[in-house]
Amino acid sequence: MKVLGILASHQEHGLNAQMLEEVLKNVDEGVETETIYLENYQITPHKYHEKNPVLDELSDKLMSSDVWVFAAPTYWRELSGVLKNFFDCMRPKFVYFKENGDTIPGKFKNKHYLSITSCYVSPLENFVTGVTDESLKTIDRVMSAAGVIKTGEIVLPGTFGMKEIPDSKKKIAAKYGHKISHKKRKDDSTLKRYIQLFFMIAIMALITMGIQVPLRYVMPIGNFWINYISFTVIFFVLLACILHFVTFMKHRRR
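Residues numbered from 1 in each chain as written. Predicted model: local features only at pLDDT ≥ 70, side-chain atom pairs only at ≥ 80, totals over all residues. Heavy atoms only, no water.

Chemist: Honestly, a positive patch on the surface in this entry has me stumped. Any pointers?
Modeler: A contiguous patch of positive charge on the surface is contributed by Lys175, Lys179, Lys192 and Arg193. Only helix 7 (167-179) and helix 8 (190-215) provide two or more residues apiece to the positive patch. Position of Lys175 relative to the elements: it lies in helix 7. A relative accessible area of 46% means that Lys175 is categorised as partly exposed. (Patch = residues over 30% accessible without salt bridge, like charges linked within 9 Å, V, L, I, M, F, W, Y side chains within 5 Å. Areas by Shrake-Rupley, 256 points an atom, 1.4 Å probe, with all protein chains shown as cover. Salt bridge = Lys/Arg side-chain N within 4 Å of Asp/Glu carboxyl O. Lys, Arg positive; Asp, Glu negative; His and termini not counted. Charge placed at Lys NZ, Arg CZ, Asp CG, Glu CD. Helix = DSSP H or I, 4+ residues; strand = E, 2+ residues; numbered from the N terminus. Buried < 20%, exposed > 50% of the residue type's maximum accessible area, 1.4 Å probe, protein only.)

Chemist: How should the packing of helix 3 (residues 81-89) against helix 6 (residues 133-146) be read in this particular structure?
Modeler: Helices that pack against each other are described as a pair by the angle of their axes relative to one another and the distance between those axes. One way to put it is that helix 3 packs onto helix 6 with a least axis distance of 11 Å and a crossing angle of 15°. When the axis of helix 3 is compared with that of helix 6, the two are roughly parallel. Considering the relative orientation of helix 3 and helix 6, their crossing is left-handed. Residue-level contacts link Leu83, Lys84 and Phe87 of helix 3 to Thr138, Ile139, Val142 and Met143 of helix 6. (Axes fitted to C-alpha atoms, helices over the stretch in contact; angles between N-to-C directions. Parallel < 35°, antiparallel > 145°, perpendicular 65-115°, else oblique. Left-handed = near helix turned anticlockwise from the far one by under 90°. Contact = heavy atoms within 4.5 Å.)

Chemist: Looking at this structure, I do not really get the pattern of salt bridges. What am I missing?
Modeler: Side-chain pairs of opposite charge can arise where the charged atoms are in close proximity. Scanning the model with the defined rule gives nine salt bridges in all. Put simply, Glu34 and Lys2 hold a salt bridge, and the shortest N to O gap is 2.8 Å. Taken together, the residues Glu34 in strand 2 (residues 32-37) and Lys2 in strand 1 (residues 2-7) connect sequence positions 32 residues apart. Its relative accessible area of 22% is what places Glu34 among the partly exposed residues.

Chemist: For this particular structure, what's the right way to read the packing of aromatic side chains?
Modeler: Working definition: an aromatic ring pair is given by the centre-to-centre distance plus the angle between the planes. Scanning the model with the defined rule gives 14 aromatic pairs in all. Consider the rings of Trp68 and Phe94, whose centres lie 6.2 Å apart with planes at 45°: the pair is tilted. On the criterion of sequence distance, the pair formed by Trp68 in strand 3 (residues 67-71) and Phe94 in helix 4 (residues 91-94) is long-range, its members being 26 residues apart. Each member of the pair Trp68 and Phe94 is classed as buried. (Phe/Tyr/Trp six-rings, centres within 6.5 Å; stacked < 30°, edge-to-face > 60°.)

Chemist: What should I look at first to understand the sheet that holds strand 8 (residues 112-118) in this one?
Modeler: Neighbouring strands of a sheet are bound in pairs by backbone hydrogen bonds; such pairs are parallel or else antiparallel. Taken in spatial order, the five strands of this open sheet run 2-1-3-8-9, and their pairing is parallel. The open sheet is flanked by strand 2 and strand 9 (149-156), the only strands paired with a single partner. Taking the axes of each pair of neighbouring strands and ignoring which way they run, one obtains an average angle of 15° across the sheet. Along the sheet, helix 7 makes contact with strand 8 and strand 9, crossing strand 9 at roughly 170°. (Pairing = 2+ DSSP bridges.)

Chemist: Which parts of the structure should I look at to understand the pairing of strand 9?
Modeler: Two faces belong to every sheet, and in a regular strand the side chains alternate between them. Burial analysis of strand 9 places seven of its eight residues in the buried class, the great majority of the element. Where strand 8 lies against strand 9, seven bridges are found, and the strand directions are parallel. Along strand 9, the bridge assignment pairs Ser115 with Glu153.

Chemist: I'm lost on the packing of helix 1 (residues 15-24) against helix 7 in this one. Help?
Modeler: Relative to each other, helix 1 and helix 7 sit at 45°, their axes nearing to 7 Å. Here helix 7 runs oblique to helix 1, going by the angle between their axes. Both helix 1 and helix 7 take part in a crossing whose hand is right-handed. When helix 1 is examined against helix 7, the residues Met19, Glu22 and Val23 are found in contact with a partner set consisting of Lys169, Lys170, Ala173 and Gly177.

Chemist: How should I be thinking about unusual backbone geometry in this particular structure?
Modeler: Excluding glycine, residues mostly carry a negative phi; peptide bonds, for their part, are mostly trans. In this structure, Trp76 takes a positive phi of about 55° despite not being glycine. Along the chain, the position of Trp76 falls in the loop between strand 4 (74-75) and strand 5 (78-79). The phi dihedral of Asn110 falls on the positive side, at around 75°, and the residue is not glycine. Mapping Asn110 onto the fold places it in the loop between strand 7 (103-105) and strand 8.

Chemist: I'm lost on helix 2 (residues 53-63) in this one. Help?
Modeler: Because each turn of an α-helix spans 3.6 residues, side chains separated by three or four positions in sequence point in the same direction. If you check which residues of helix 2 are buried, you get Leu55, Leu58, Ser59, Lys61 and Leu62. The arc that holds the buried residues of helix 2, viewed along the axis, is 160°, so those residues lie on one side. For helix 2, the exposed residues lying more than 90 degrees away from the buried face are Pro53 and Asp60. Turning to helix 2, the residues buried within the fold contact strand 1, strand 2, strand 3, helix 3 and helix 4. (Arc of directions from axis to C-beta.)

Chemist: What am I meant to see in helix 6 here?
Modeler: For helix 6, built from 14 residues, the straight-helix expectation of 20 Å at 1.5 Å per residue is met to within 8% by its first-to-last C-alpha distance of 20 Å. The buried fraction of helix 6 amounts to ten of the 14 residues, a majority that puts the element mostly inside the structure. Among all positions in helix 6, only Asp133, Ser135, Leu136, Lys137, Thr138, Ile139, Asp140, Val142, Met143 and Ala146 are buried. Just downstream of helix 6 lies Gly147, where phi reads positive at about 75°. (Expected span 1.5 Å × (residues − 1).)

Structural data, given as structure tokens:
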């Protein structure tokens, strides 16, 4: 096993670097680690029919690693330009282009990644407004296109004036250090997802039936079609709320 840390910050020894270091130093014994600082590389776009030694070198480092740990700050509610430039220039390495312009996962398919980002705003403000969401979504979109499997994400809010990362975040980083030390197949969580789906539907159905009970006093719920329509509408509203939460509120904002 090898874990590659990818630091995409303007400061080589800042808070994001500290978070990355905490993850890497807590990997299990026998797991090799390496850190690359993207600012040390002259990363320029790939030109067809021309070799790009820098992209080839970075591609080789990615290929020789089992897990990638991206550490990049959030600026202006978006991913740092350093990591975004890396993603843009590495696009031909991440995906294969079909004749019609569509892309399919390239040679990195089924590797794993962990995301780390930080922001100035407080934990409460980030929880409410999701300042770091777009940074994490950008990483997820690129990795999804490349067929790379997500392991998790860590957010460090309230960094304005911070000199050292808090112990609570060190514990989270240590936890992920151990987690990424083990290879997982893509379908490891399939059964878990089905169980979660079952309980989600069961709870939603119970809540829906509970809401229908007081409706009997204002609506003829005893009628089969009214009962069916009210159940469907209530169930749909609950499902829409859950999907909204999963889509927009799923990231670890605190």
